[in-house]
Amino acid sequence: MSFRLLLLPLFALLAACNSGSQTYEQQGYVFGTLVEVTIYGEDEARAKAGITAVMQEFQRLHDKLHAWRPSELSELNVAIAQGKSKAVSPELAAMLQDAARVSAQSDGLFDPAIGGLIQAWGFQADDFKAVLPDGKKIAALVKANPQMSDLAFTPALPSAGLSHGNGDVVVGSRNRAVKIDLGGYAKGYALDRAADILKQQGIRNALINIGGNVLALGQHGSRAWRIGIQHPRKPGPLATLELHDGEAIGTSGDYQRFFELGGKRYCHLIDPRTGYPVQGVQAVTILTHGAKAGLLSDESSKPLFISGVQGWLAAAQKMHLDEALLVDDQGAVHLTAAMQKRLKFADESTVRKIEP
């Protein structure tokens, strides 16, 4: 798997340590990707405690939200497929309700309910093969039209035997084709949880990276955190930028989970309207700010990617994303004027099409 962003602070780490500055960084592997937490300006004990707490939270969420291994989410999917309802934790219920809200805002282009399509294409697996799915199966799944709006939420009643009395919520669906995959949501949610944990421990300056979705707290010494946006077809960054306190950046790309067959690339980003992986786009990157910036960086990039070259800008405007870019299948970069102001391109000859 390729990772979406290149973290430039890692290159500055040795120099910072040599100069006596306090920078602590730890890597792990969770959510099927590389995660990194970098803390600046804290004593070693506080930094290590903060990173440990964050990594434990990442593992908790990974275990809770796994789409195809035993988890709270996969148990819900089994119940829905059987036409049953199931009590879930208040946390998972809130995630699903929020994901449904974003799905409606994106006119269904962000649709975690299409786990059946993702599975049919072979992407619900640690390793996947270059095999096309049965076209009839894809057509049937598209016709079934699973959507997040198919979910129904009701308070669990202990007397009904569905709840343990801890505020659980009963979730069901009138559409058995709904199979929830929160792969486009969980990393962003985890970023915001990590930021909350670090703030609670008094840590003010940190950079959190989950497979290329990156959230900044404070700054790196006397300057902002510096990161690079991974080039979708070449080693190294497409462009670099400074990430300020409370900002997050996220990328959806066809170079992360994909296979090639007959000279054609098939990626894990599937258009729910057709049931097929999106073509014509290499990557989309968005910059987000404020409350839930991490979550926005993850969930909001998908509708732009699926909308393609012709529709990405309208999708960005509808979702109130001022700073965004799209790399088309020819390598040209389409970007908003606000995003252009934030970037320094590694290759100044990169073809750019700036939108008003």
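Use the structure listed above.
To keep things clear, this report deals only with the structure shown in the data block. (Residues numbered from 1 in each chain as written. Predicted model: local features only at pLDDT ≥ 70, side-chain atom pairs only at ≥ 80, totals over all residues. Heavy atoms only, no water.)

Quick look at the overall build of the protein now. Within the protein one finds ten helices and 18 strands. Here the C-alpha radius of gyration of the protein, 20 Å, is about what a compact globule of 356 residues would show, namely 21 Å. Its C-alpha atoms put the protein at 60 × 50 × 35 Å along the principal axes. Per-residue burial over the protein gives 56% buried out of 356 residues. Look at the contacts in the protein between residues 6 or more apart in sequence, and 62% of them connect residues 24 or more apart. Per element, the accessible surface of the protein, about 15,400 Å² overall, is 52% carbon and sulfur. (Helix = DSSP H or I, 4+ residues; strand = E, 2+ residues; numbered from the N terminus. Rg over C-alpha atoms; globule rule 2.2 N^0.38 Å. Buried < 20%, exposed > 50% of the residue type's maximum accessible area, 1.4 Å probe, protein only. Contact = heavy atoms within 4.5 Å. Areas by Shrake-Rupley, 256 points an atom, 1.4 Å probe, with all protein chains shown as cover.)

The sheet built from three strands is open, its strands ordered S4-S6-S5 with antiparallel pairing. A single partner strand is all that each edge strand has here, and the edge strands are strand S4 (86-88) and strand S5 (151-155). Each strand axis lies, on average, 35° off the axis of its neighbour in the sheet, ignoring direction. Where helix H3 (residues 72-81) meets the sheet, it contacts S4, S5 and strand S6 (169-173), and its direction lies at approximately 160° from that of S4. Against the sheet, helix H4 (residues 90-105) makes contact with S4, S5 and S6, and its axis sits at roughly 145° relative to S5, the strand it touches most. (Pairing = 2+ DSSP bridges. Axes fitted to C-alpha atoms, helices over the stretch in contact; angles between N-to-C directions.)

Right, let's talk about the environment of Gln219 for a bit. For Gln219, the location among the structural elements is in the loop between strand S8 (213-217) and strand S9 (225-230). Residues Gln219 and Ala206, spaced 13 residues apart in sequence, show a C-alpha to C-alpha distance of 7.1 Å. With sequence-adjacent residues up to four places away left out, Gln219 is seen in contact with Tyr40, Asn205, Ala224 and Trp225. From its side chain, Gln219 meets the backbone oxygen of Gly221 in a polar contact 2.8 Å long. (Polar contact = N/O pair within 3.5 Å; in protein donor to acceptor, adjacent residues only side chain to side chain.)

The residue Gln282 is located in strand S14 (residues 281-288) in this model. Separated by 3.4 Å, the side chain of Gln282 and the backbone oxygen of Asp329 make a polar contact. Apart from the residues within four sequence positions on either side, Gln282 is in contact with Pro232, Arg233, Ser252, Gly253, Asp254, Tyr255, Phe305, Val327, Asp328, Asp329, Gln330 and Gly331.

Our next topic: the pattern of salt bridges. Using the criterion set out here, one finds 20 salt bridges in the structure. Close ionic contact of Glu42 with Arg46 constitutes a salt bridge, the shortest N to O distance being 3.4 Å. Since its relative accessible area comes to 35%, Arg46 is described here as partly exposed. Linked through salt bridges whose partners overlap, the residues forming this network are Glu57, Arg60, Lys64, Glu72, Glu91 and Arg193. (Salt bridge = Lys/Arg side-chain N within 4 Å of Asp/Glu carboxyl O.)

Remember that the coordinates give geometry; whether it matters functionally is a separate question.
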